[in-house]
Amino acid sequence: AYTASEVGKSLNLMDYNLRQPHALQYNMTIEQQLRGNVGLAVSYVGSRGLDIYTSLEGNPIPPNSVINGVQFWAGGNLNNPRVNPLWSTTNLHATAGDSYYNSLQVVVNKHLSRGLQFQSAYTYSKSLDTTEATNSANDCRAPGGASRNDPVHPQYDKGPSCFDTTHNMRFNLLYHFPNIKSNNFAAKLLHGWWTGNIISVQSGYSFTPVLSTNRSRSGVLSTLADRPNIASSADVAACSASPSSCKYTPVPFNSSTVTIGNPQMWFNPAMFVLQPAGYLGNTSRDMLRGPGLGTWDFSLVKDTAVPFLGERGNLQFRAEFFNTLNRANFGLPNATVLNGAVVDPAGASEPIVNNAGQIMTTATSSRQVQVALKLYF
């Protein structure tokens, strides 16, 4: 029996039937020794994650109808009881996630000879999953995002992982400048110099365009924000037929032009529209990409022997430059494109959110310079 104070309260609990998360890993590598102490390795690396911890709605609202596989929720939440009507939303931590990773990895490595050594690693990869994180609002850091929009059909939420980067390149190099064969004072000033370099280049992380409300009325988790529909030529035609009902002119979705690349508007929010109230949007999870990243860290070092401190005595001067080119590496944009009034029946009848697509953070700091003297003995 339940008391009146218990009815309608939410739960946060673990699935009683938890399974053991596990992964399958597989790889194949071909290596070749090249001239000049250079080695080349080309690898295929893949993995498959099964029964991964995730968060989903454990007490969902059954749809009022399902037509051709499309779910529909009529009315408000009060008219749609949950599976257990005595409780409200339930944040269920379960082993219901899946992941898929495949990559091509190329490594070029040169061992130290003639003062030079370097290593370069490039990865071309794709990481997919059916949401991640055990906190319902942490999936890809989307504003108001929930880990599982459809707890019954996990494939609806299958998409690129939050950390998926298609291209990822790292390069590091050390070079010791040759010493002049002389012991005079001027020559000693030129002895012991070497330089270090680290270059990082990668493509952007994925993110999901979202609404600020649960327009579908599915009631999945209290923090849920639905995904909208992608705009089509039919949406443009509907606005042309009734201009007064449209607060903006939709643009048919085009994967080649949806990313504008301007920090003030990284993607075109007009390529998304409100789905009909009561339905899940057809925008796929993590379908857009944020800005890429590129940094070059550079150091210039001089080692000077200090004999009176013993054979290991050494005075080291270091000048280090982080993000040497002072490149602006931007964070993810605001992914909320529309508010999505739950009771509004029109598809494009409200304005786009003011700062939709705007980037307000950076992923790295500006150029930083550090100078130091170190005495070793």
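Predicted model, so just to flag it, every value in this text is computed and none were measured.

1. Re a nonpolar patch on the surface
Okay, so step 1: Together, L315, F317, V369, V371, L373, L375 and F377 line one region of the surface with nonpolar side chains, adding up to about 730 Å² of accessible area.
Okay, so step 2: For the nonpolar patch, the secondary-structure elements that each account for two or more residues are β19 (314-322) and β21 (368-376).
Okay, so step 3: Looking at where V371 falls in the secondary structure, it is placed in strand β21.
Okay, so step 4: Residue V371 is classed as exposed on the basis of its relative accessible area, which comes to 58%.

2. Focus: the state of the cysteines
Okay, so step 1: Counted under the stated rule, the structure contains one disulfide.
Okay, so step 2: Here C239 pairs with C246 through a disulfide, and the sulfurs are 2.0 Å apart. What sets the handedness of the C239 and C246 disulfide is the S-S torsion sign, and at about -100° it is left-handed. Here C239 matches C246 in class, with each residue buried.

3. Considering the layout of surface pockets
Okay, so step 1: Considered as a void within the structure, the largest pocket measures approximately 210 Å³ in volume.
Okay, so step 2: In terms of lining, the largest pocket is formed by ten residues, of which the most central are K188, H191, K302, T304 and A305.
Okay, so step 3: Elements that contribute at least two residues to the lining of the largest pocket include exactly α1 (185-190) and β18 (293-305).
Okay, so step 4: The biggest single contributor to the lining of the largest pocket is β18, with four residues.
Okay, so step 5: Residue composition of the lining of the largest pocket, by class: three nonpolar, four polar and three charged.

4. Here we look at the nonpolar core
Okay, so step 1: Membership of the largest hydrophobic core comes to 17 residues, with the highest contact counts inside it found for F207, F267, F272, L288 and L338.
Okay, so step 2: If we ignore the near neighbours within four places in the chain, the residues touching L338 are V210, L211, S212, Y248, F272, V273, L274, E350, P351, I352 and V353.

5. Comments concerning the pattern of salt bridges
Okay, so step 1: If you walk through the whole model with that rule in mind, you get nine salt bridges.
Okay, so step 2: Of the charged contacts, one joins D51 and R19 as a salt bridge, the two residues approaching to 2.9 Å between their closest N and O atoms. Within this pair, whereas D51 is found in strand β3 (residues 38-57), its partner R19 is found in the loop between β1 (11-14) and β2 (22-34), the two being separated by 32 residues in sequence.
Okay, so step 3: For D51, a relative accessible area of 17% translates into the label buried.
Okay, so step 4: Look at R19 and you get partly exposed, because its relative accessible area is 44%.
Okay, so step 5: Between E57 and R82 there is a salt bridge whose closest N-O contact spans 3.7 Å. Here R82 lies in the loop between β5 (70-72) and β6 (90-113) and E57 lies in strand β3, a separation of 25 residues in the sequence. Like R82, E57 is buried.
Okay, so step 6: Three or more residues are tied together by salt bridges with common partners; here these are K126, D164 and R289.

The rules behind these values
Residues numbered from 1 in each chain as written. Predicted model: local features only at pLDDT ≥ 70, side-chain atom pairs only at ≥ 80, totals over all residues. Heavy atoms only, no water. Patch = residues over 30% accessible without salt bridge, like charges linked within 9 Å, V, L, I, M, F, W, Y side chains within 5 Å. Areas by Shrake-Rupley, 256 points an atom, 1.4 Å probe, with all protein chains shown as cover. Salt bridge = Lys/Arg side-chain N within 4 Å of Asp/Glu carboxyl O. Helix = DSSP H or I, 4+ residues; strand = E, 2+ residues; numbered from the N terminus. Buried < 20%, exposed > 50% of the residue type's maximum accessible area, 1.4 Å probe, protein only. Disulfide = S-S within 2.5 Å. 1 Å grid on protein atoms, 1.4 Å probe; cavity = no way out; pocket = protein on both sides within 12 Å on 5 of 7 lines; lining within 4 Å. Points joined across faces, edges and corners; volume = space filled by probe spheres on them. Nonpolar A, V, L, I, M, F, W, Y, C, P; charged D, E, K, R; others polar. Core = buried A, V, L, I, M, F, W, Y, C linked by side-chain atoms within 4.5 Å. Contact = heavy atoms within 4.5 Å.

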